[in-house]
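Inside the fold
For reference, the chains in residue letters:
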Amino acid sequence: MEGAHDIPREDILLEASGIDKIFPGVHALKRVNFTLRRGEVHSLMGENGAGKSTLVKCLTGVYGIDGGIIKYLGREIRPESPQHAISIGISSVYQEVNLCPNLSVAENIFAGRQPMRGPFVDWRSLEERAGKVLERFDISIDVRRSLDSYSIAIQQMIAIARALDISARVLILDEPTSSLDKLEVEKLFRIVRSLRDDGMGIIFITHFLDQVYEISDRITVLRNGELVGSYRTEDLPKIDLVTKMVGKDFDELSSVSRVRAGEARDVIISLEEVSAYQSVENVSLEMRRGEVLGFAGLLGSGRTETANLMFGIEHNSSGAIKLRGTAVKLSSPKDAIRNRIAFCPEDRKRDGVIGELSVRENIVLALQARLGIFKYRTLRQQNELADRYIKLLGIATPDAEKKLGDLSGGNQQKVILARWLATEPEVMLLDEPTRGIDVGAKAEIMKLTLDLCREGMAIAFISSELDEIVRISNRVIVMRDRTKIGEMEEDGLDQESILRAIAGGVAV
Amino acid sequence: MKKKFSVDLKYIPAISAIVLFFIAYAIGGALYGDRGFLRLRTFTSIFTDNAYLGVSAVGMTLVIISGGIDLSVGSVAALSTMLIAWGTEVLGVDSAVMILLVLLTGTLLGFLMGILIDKFSVPPFISTLIGMFLARGLCFIISIQSITINDPFFRSLGRWKIKLPQNSYINLSVIIYAATLIAGIVIMQRTRFGRGIYAFGGNRQSATLMGLPTSRIQIGIYTFNGFCSALSGILFALYMFSGYGRHLYGMELDVISSVVIGGTLLTGGVGYPIGSLFGIMIYSVILKFISFNGSLSSWWTKIAVGVLLLFFIVMQRVTVVLANRNKRQLRQKTQGRTAP
Amino acid sequence: MSGLARRMTSSKLFSSLLALFVILLFNVFLNPGFLSITIVNGHLFGQLIDILNRSVPVMILAIGMTLVIATGGTDLSCGALLALAGAVSISLIRGSSTILNADTAMPFPAVIVITLAVTGLCGLWNGFLVAKLGIQPIVATLIFMTAGRGMAQLITGARNLTTNYAPYSVIGQGWLLLLPVPIFIAAGVFLIVWYFARRTAFGLFVEAVGVNPSAARYSGINSGLVIMIVYTVSGLCAGVSGLIYASGIMCADANNAGLNYELDAILATVLGGTSMTGGRFYLGGSVIGALIIMALTKSIYAFDVAPESALVVKAFVVVIVVLIQSPFFKARLASSRVRRGPGEIKNSGAGEAS
């Protein structure tokens with residue numbers, strides 16, 4: 001580990017010290033220090049919720065900071081908005097493409113600083129320059145087309161092109177590679193290296209470890225909003241990096257291990273050669289009582305889509321979904337809930353949390369939806385229900401009337417779980433239930449999953465964390481390119497073989 | 001092929017407005033050609049009668065492209081007629097000075113609404129509703145009665161016209177409308193402000209993250225529209241030679257309808273001032289239909305506008321759905337490729 | 001502790017009640033006889049009763065509007081539907097409609113049922129456009145805002161249809177137990193909607209849809225149905241309001257009946273503490289909001305100016321209320337609260353790690 005004092009002053013481009021950021025209910029950054037030098041690629045590492053994005057947003061003026069100072073070239077700055085940060089010399093590219101879909105490619109690159117002739121935008125030189133900028137990326141497209149006529153990967157490159165064209169000295173790339181393929185990543189890295197050689201400081205955030213080691217000069221690790229340390233890449237072997245990112249995580253999770261399934265495990269829900277338009281192809285599987293079925297695969301592999309099918313969000317075009325042996329048509333979540341299926345969606349914020357409503361109302365919601373409008377649970381019944389689950393799941397909230405939006409990610413996830421448990425489901429579909437929540441809550445949620453399994457529930461556990469899947473599942477379905485490529489029993493389960501299946505498509 | 005289709009999609013509403021105008025005009029010609037529907041005078045009267053609406057529609061187009069709405073335009077225009085009349089007739093201020101003052105007042109009102117929307121995050125609907133109440137109320141504080149404008153200079157402005165063949169003419173209002181429209185087109189196509197409005201309407205959050213001065217843009221939009229409303233009021237005063245608090249009740253509805261019919265998406269991000277021109281023309285052709293028919297009552301206008309709105313809104317919706325479907329296909333193509 | 005929620009609700013109502021109180025106080029100051037209520041012929045008379053009575057049409061619209069706004073929508077058409085209700089009912093009573101072609105007058109209950117069915121269907125159509133076609137509420141209801149009045153004029157033949165059918169006049173001008181009938185109708189509408197919203201799960205569903213439609217769907221709520229119901233309720237409320245309005249003047253005035261009432265209804269709802277962005281709604285607040293608007297108008301009448309000048313005062317009152325509710329001031333309040341109580345944050349942080 002090295003401190004800022006080791007670095008010659010004049011080499012420091014950006015220095016953040018003692019940064020504090022507080023959201024309602026969450027202390028997102030706790031006195032974090034971070035230093036970026038001239039001519040380096042600096043990776044910011046940490047698990048979901050570690051505070052990487054928050055730190056970046058503080059540096060780029062999206063959020064104001066609640067404590068600490070940020071210095072740029074030795075002078076204190078207080079970025080008030082992304083626009084202000086850009087004018088200082090800090091530009092950024094985010095994971096989601098933050099461009100305007102209705103504008104042309106050329107305009108997206110130059111919006112706000114179009115070449116002008118007198119008071120007017122000089123369209124011809126705008127388009128010429130846009131073409132030249134993209135040449136650097138080996139992309140030849142019609143820059144006059146609107147942005148939304150191109151793929152996400154190209155849009156991402158355009159976003160980077162935009163950031164590069166600004167005469168920035170600090171470039172922040174927040175998960176820029178997650179929608180790029182291998183060739184595109186290489187192209188991007190070539191550009192990043194040449195920028196570094198020009199003396200630019202680049203902050204790089206990704207969850208692909210290989211890419212970190214391929215491109216970065218230094219690594220800073222955050223965990224739970226705290227700085228773990230900054231390291232030269234060559235001084236930090238991969239395994240150490242993971243350990244530092246995960247921290248005591250290992251110990252917590254080590255107490256989690258799968259439930260030995262009993263003998264008579266009857267099938268509750270099964271898919272038979274199910275396909276859905278542009279979603280999944282030919283998936284067959286069985287979910288059994290008292291068993292955790294893991295779903296491994298990358299984003300877009302069809303794992304979420306499969307869960308969606310079982311919850312009536314997407315509809316199969318062929319094949320059959322059978323519940324306890326009889327084919328059913330699940331046309332909406334309502335149907336699924338009536339059939340005792342529950343679903344914790346992947347995007348908790350968008351599809352799960354109803355932030356303005358109270359914890360009580362959020363817990364009661366699905367049960368009430370199943371009962372219908374007129375079988376209203378009285379306030380007393382609701383309170384009893386809420387209090388029971390708050391106690392049972394250890395939800396940290398002052399009371400049941402707290403707005404759900406004010407709770408931390410882990411507690412929000414528990415409330416969503418409580419919402420489903422209240423409907424007394426037989427099948428529980430968990431899509432990334434541990435994403436974006438802190439380590440302690442992660443272990444708790446996994447233990448809870450196992451408890452439910454012990455009680456005889458059939459559980460689908462979808463996760464990007466193979467470690468979690470391996471620990472918890474009795475069987476694992478491996479998915480790739482929208483179809484099931486294999487199924488593994490608990491005896492042969494290990495991360496390596498799953499990884500091999502996902503990567504190589506080797507039949508298992 | 002598909003890509004080309006998706007680009008074209010956003011032009012469809014505006015193009016269909018233009019097509020619809022010509023169809024309506026042709027039908028009018030076929031039905032009432034013998035009564036002079038196709039005469040040049042009928043055509044020019046579309047503009048002489050509705051120039052004030054057109055001016056307001058230019059400003060409203062900007063507002064709606066940004067994803068906002070402005071309910072205050074009718075009231076601000078009415079206030080303008082009132083101020084002109086009151087200033088020249090009661091206070092005896094020079095009418096040229098008064099025109100400038102009125103334009104300034106409208107601009108200021110627009111600016112204040114912009115501040116309310118941007119700095120205090122009051123939804124445009126409510127902010128401009130407040131502006132609507134304020135301006136309308138101020139009219140009646142000035143006077144409950146209608147004030148006739150007798151100022152010679154103002155009257156001469158209103159009477160000034162360029163004679164064209166067939167007893168038709170173009171007046172100052174039409175020229176001012178043409179100038180405003182051209183200004184609107186140039187602003188939207190050729191200035192950073194205009195392009196910023198498109199960006200703002202396309203994705204506000206992105207526009208902010210891209211470092212566009214979204215605050216200035218938003219306030220600018222409503223300020224500009226305030227100016228347009230005042231100008232529209234002046235044109236209406238040139239047409240009526242009076243100031244009255246009950247002038248232009250419900251004008252905002254006509255203007256918004258015309259802009260939507262002209263192909264501007266109420267969701268923001270897509271639209272063209274030239275489309276709104278055709279929106280206004282369609283609107284006035286409907287009026288012409290009714291006046292030429294003679295037996296139809298004026299309320300058919302409202303029903304026709306309602307039906308047209310429905311047609312255009314559903315069409316816009318379909319366009320958006322189609323565009324999204326294209327996008328989803330693209331995204332899935334990308335995801336298919338990302339597997340390492 | 002559910003007391004917290006109750007306290008918050010009451011504080012929401014409290015601010016609008018306070019506003020109402022201040023305006024009434026101002027009126028007393030202007031006109032010392034403002035509060036006096038006299039009994040003439042077994043009827044209560046007085047300024048307060050008058051405010052209550054006159055605010056009824058907007059109040060009923062606001063009750064429907066509250067549900068619509070809670071789902072994150074807006075209903076611009078209710079003013080026009082109010083006019084439509086007047087046109088339909090009076091032309092049915094007269095049996096002389098140009099379009100309905102009813103030669104003989106209908107039985108009175110049938111008139112009311114048909115009127116409400118018409119506006120209810122219009123509301124349902126609004127709901128259909130919003131829920132099934134995904135059209136923005138402002139746009140979807142803009143259609144009927146324009147065409148509704150056209151339809152009303154179509155029915156009345158663009159004349160001001162009058163009637164002197166006595167039972168009809170009871171709705172808007174009758175008296176019952178000391179008070180005008182409209183007040184009872186408003187109370188009835190309020191109670192029915194309140195019961196439906198708060199004693200069934202409907203209110204919860206409305207709020208869930210308003211805050212996060214996607215999450216509501218994932219929880220098994222049929223958001224489309226919920227949205228269609230609220231617009232239909234709003235249409236029905238417009239119908240009731242239209243009957244009262246037209247009966248009050250015994251005339252169907254397609255042009256001016258309920259002109260800009262939709263704006264007043266939205267305003268009443270916002271003044272009552274329901275946010276335009278949807279979510280939590282306060283039916284009682286909206287009722288108070290309608291009273292505020294009417295009391296405000298009343299106090300302007302005390303000055304010898306055009307009634308329309310009241311709009312200026314209205315504008316200022318709305319600015320103040322809206323600014324107080326704006327995120328800008330809320331953030332100020334919240335940040336001062338955070339500074340006062342850092343313990344709470346620490347607590348929840350500790351809970352997280354447990």
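This report concerns the structure included in the present document. Predicted, not measured: the structure shown is a model, and the values here were computed from it. (Residues numbered from 1 in each chain as written. Chains lettered and ligands numbered in written order. Predicted model: local features only at pLDDT ≥ 70, side-chain atom pairs only at ≥ 80, totals over all residues. Heavy atoms only, no water.)

Spacing of three or four residues puts side chains on the same side of an α-helix, whose turn is 3.6 residues. Residues and elements named next belong to chain A. Counting buried positions over the 8 residues of helix H10 (residues 303–310) gives 8, a clear majority of the element. Along H10, the positions that sit buried rather than exposed are Arg303, Thr304, Glu305, Thr306, Ala307, Asn308, Leu309 and Met310. Of the residues one or two after H10, Gly312 is the one with positive phi, at around 75°. (Buried < 20%, exposed > 50% of the residue type's maximum accessible area, 1.4 Å probe, protein only. Helix = DSSP H or I, 4+ residues; strand = E, 2+ residues; numbered from the N terminus.)

Residue and element names in this part refer to chain C. Packing of helix H4 (residues 78–94) against helix H6 (residues 137–156) brings their axes to within 8 Å, and their N-to-C directions diverge by 15°. Relative to H6, the element H4 is oriented roughly parallel. Crossing of H4 over H6 shows left-handed handedness. Across from Gly79, Ala80, Leu81, Ala83, Leu84, Ala87, Val88 and Ser91 in H4, the residues of H6 making contact are Phe144, Met145, Gly148, Arg149, Met151, Ala152, Ile155 and Thr156. Split into classes, the residues belonging to the contact of H4 with H6 amount to 11 nonpolar, 4 polar and 1 charged. (Axes fitted to C-alpha atoms, helices over the stretch in contact; angles between N-to-C directions. Parallel < 35°, antiparallel > 145°, perpendicular 65-115°, else oblique. Left-handed = near helix turned anticlockwise from the far one by under 90°. Contact = heavy atoms within 4.5 Å. Nonpolar A, V, L, I, M, F, W, Y, C, P; charged D, E, K, R; others polar.)

So, on to the state of the cysteines. Residue and element names in this part refer to chain A. According to the stated counting rule, one finds 0 disulfides over all chains in the structure shown. For the unlinked cysteine Cys453, the closest cysteine sulfur is that of Cys344, found at 15 Å. Residue Cys453 is classed as buried on the basis of its relative accessible area of 2%. (Disulfide = S-S within 2.5 Å.)

Side chains of a nonpolar character, in soluble globular proteins, are inclined to be buried together. Ranked by size, the top nonpolar core spans 336 residues in total, and within it Met287, Met428 and Ile498 of chain A carry the most contacts. Per element, the largest residue contribution to this core is 13 residues, and it comes from helix H3 (residues 40–65) of chain B. The contact partners of Met428 of chain A, leaving out residues within four places of it in the chain, are Met287, Ala342, Leu417, Trp420, Leu421, Leu452, Met457, Ala458, Ile459 and Ala460 of chain A. If you look at the next biggest cluster of nonpolar residues, it comprises 28 residues, including Leu59, Ile65, Ile203 and Leu222 of chain A. (Core = buried A, V, L, I, M, F, W, Y, C linked by side-chain atoms within 4.5 Å.)

Summed over the entire model, instances satisfying the criterion amount to 24 aromatic pairs over all chains. Ring geometry for Tyr32 of chain B versus Phe292 of chain B: centroids 6.2 Å apart, planes at 25°, classification stacked. You can see Tyr32 of chain B sitting in helix H2 (residues 12–32) and its partner Phe292 of chain B sitting in helix H13 (residues 273–293), a full 260 residues away along the chain. There is no split in this pair, since Tyr32 of chain B and Phe292 of chain B are both buried. Taken together, Phe21, Phe22, Tyr25, Tyr32, Phe37, Phe43, Phe47, Phe278, Phe289 and Phe292 of chain B form an aromatic cluster joined through their ring pairs. The ring of Tyr169 of chain B is capped by Lys161 of chain B, whose NZ or CZ atom sits 4.1 Å from the centre of that ring. Across the ring face of Phe281 of chain C, the terminal group of Arg198 of chain C is positioned such that the distance to the ring centre comes to 4.1 Å. (Phe/Tyr/Trp six-rings, centres within 6.5 Å; stacked < 30°, edge-to-face > 60°. Lys NZ or Arg CZ within 6 Å of the ring centre and 35° of its normal.)

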